Amino acid sequence: MWTIKEIPDLTGKIALVTGANTGIGFETAKALYKAGASVTLAVRNEAKGLAAKEQIEKEGGKGILNVAVLDLSSLRQVEKFATQFQKEQAQLDILVNNAGVMIPPPSLTEEGFELQFGVNFLGHFALTGHLFPLLKKSTNARVVTLSSGAAIRAAGIDFDNLRLEKPYDAWREYATSKLADLLFTFELHRKLKENNNTILSVAAHPGVTKTDLQRNISEAELQQLLAEFKEVMEPWQGALPTLFAATDTAVISGTFYGPDGKHEYTGYPAPSKHHTAAMADQQLAADLWSYAEKATGIYYSF
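All figures in this text were calculated on a predicted structure; none of them were measured in a lab.

Enquirer: Is there a simple way to think about unusual backbone geometry in this case?
Expert: Most peptide bonds take the trans form, and the phi angle of most residues other than glycine is negative. A positive phi is found at I103, a non-glycine position, where the angle reads about 40 degrees. Relative to the elements of secondary structure, I103 occurs in the loop between β4 (94–97) and α4 (115–130). On the basis of relative accessible area, I103 is assigned to the buried category, the value being 8%. Look at L164: it is not a glycine, yet its phi comes out positive at around 60 degrees. On the basis of relative accessibility, which here comes to 25%, the residue L164 falls in the partly exposed class.

Quick look at the structure:
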């Protein structure tokens, strides 16, 4: 039963957590800070980020906290953020691609991509690519990308429906974005291995955790879903798979981690048993990578 007590001393480590002002991201940033890391809370709303920083510091810790504005729905803003971050940091040891949106009304990113695909996947693909030089400067850096159990609902990636070309289905598009996050994790791992790079690329999912991510679900639907799941975790526990992936010495690159309970709804960190043909489709992962390169203009220098 792995808990934050198992996190090693992170003094001197540089960490970046997207969407760190609330929920899983907040708990992840807090635990890394308490373990001694210098943590940047990358948030869309600066005021909320500063409030989160103040709350974490009140609880005490031995690390350093910084707040920076990052809007993943704009590739232009992602580049601006990354450029500033590279000026301020000499390396990056832990990158947690946590921020996300779930089942919003039909919306587009600044560049015209469906919002969930654009934020949950493309924005993080671009961010990781921009910061890749800093990751390479660290010994055994880690890229942890948040997915979801919802990824098993996606049969593949419909490349003809990533800009709302077809009638919008919020849950379908969410599942697609989370499958994309997994495929990104696995393809990044393969490319790192091919180039004998020591960076770890790992995915995690929080099981069923009640956070602000569910803000677009109506209260009636939310209560129905919670009743079906029976058990729901608090954010501190939902963050454990992410923290395990980000810090534990037993972590294996290219692995997907989640809670160890029934259906992976609740529990403590363990390798996920979620598996579909789409998740294992290496050609699909390669095609998605090529699509993301063209869409973002980011080409990783391995």
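On we go from here.
Enquirer: Explain the pattern of salt bridges to me, please; I cannot follow it from the model alone.
Expert: It is possible for side chains bearing opposite charge to pair when their charged atoms get close. Under the defined criterion, the tally for this structure stands at 12 salt bridges. Of the charged contacts, one joins E54 and K58 as a salt bridge, the two residues approaching to 3.9 Å between their closest N and O atoms. Residue E54 and its partner K58 are located together in helix α2 (residues 46–59), separated by 4 residues, close to a single helical turn. Owing to a relative accessible area of 46%, E54 belongs among the partly exposed residues under this scheme. Judged by its relative accessible area of 66%, K58 is exposed. The residue R190 makes a salt bridge to E187 at a minimum N-O spacing of 3.1 Å. With R190 and E187 both in helix α6 (residues 170–194), this residue pair falls 3 residues apart, about one helical turn. With relative accessibility at 8%, the residue E187 sits in the buried group. Residues joined in a network through salt bridges with shared partners are E27, K30, K34 and E59.

Enquirer: I keep staring at the nonpolar core and nothing clicks. Help me out?
Expert: Most often, soluble globular proteins have nonpolar side chains that are buried together. Judged by nonpolar contacts, the single largest core of 55 residues is most densely connected at L16, L92 and F121. Those elements that place two or more of their residues in this core are β1 (14–18), α3 (75–88), α4, α5 (132–136), α6 and α10 (282–296). Looking at this core element by element, the count peaks at 9 residues for α6. When sequence neighbours within four positions are dropped, the list of residues in contact with L92 reads I14, A15, L16, F85, L131, L134, L135, S138 and A141. Listed in part, the 36 residues of the second largest apolar core include L10, I24, V144 and V251.

How each quantity is defined
- Counting restarts for each chain: residues are numbered from 1 in the order of the written sequence.
- For this predicted model, a pLDDT threshold of at least 70 governs which residues receive local features, and a threshold of 80 or more governs which side-chain atom pairs are given and counted, while totals over whole chains, interfaces and linings are taken from all residues.
- The side-chain numbers reported here are obtained from all heavy atoms of the structure, hydrogens and water having been left aside.
- Put simply, DSSP marks the helices as runs of H or I at least four residues long and the strands as runs of E at least two long, and each gets a number from the N terminus on.
- For every residue, the accessible area (1.4 Å probe, protein chains only) is compared with the maximum for its type, and the residue is labelled buried under 20%, exposed over 50%, or partly exposed between those bounds.
- The salt bridge definition used is simple: a Lys or Arg side-chain nitrogen within 4 Å of an Asp or Glu carboxyl oxygen.
- Grouping buried Ala, Val, Leu, Ile, Met, Phe, Trp, Tyr and Cys residues that are joined through side-chain atoms within 4.5 Å yields what is termed a nonpolar core.
- Throughout, a contact is declared for two residues whenever any of their heavy atoms are within 4.5 Å.

So yeah, pure geometry; function would need other evidence.
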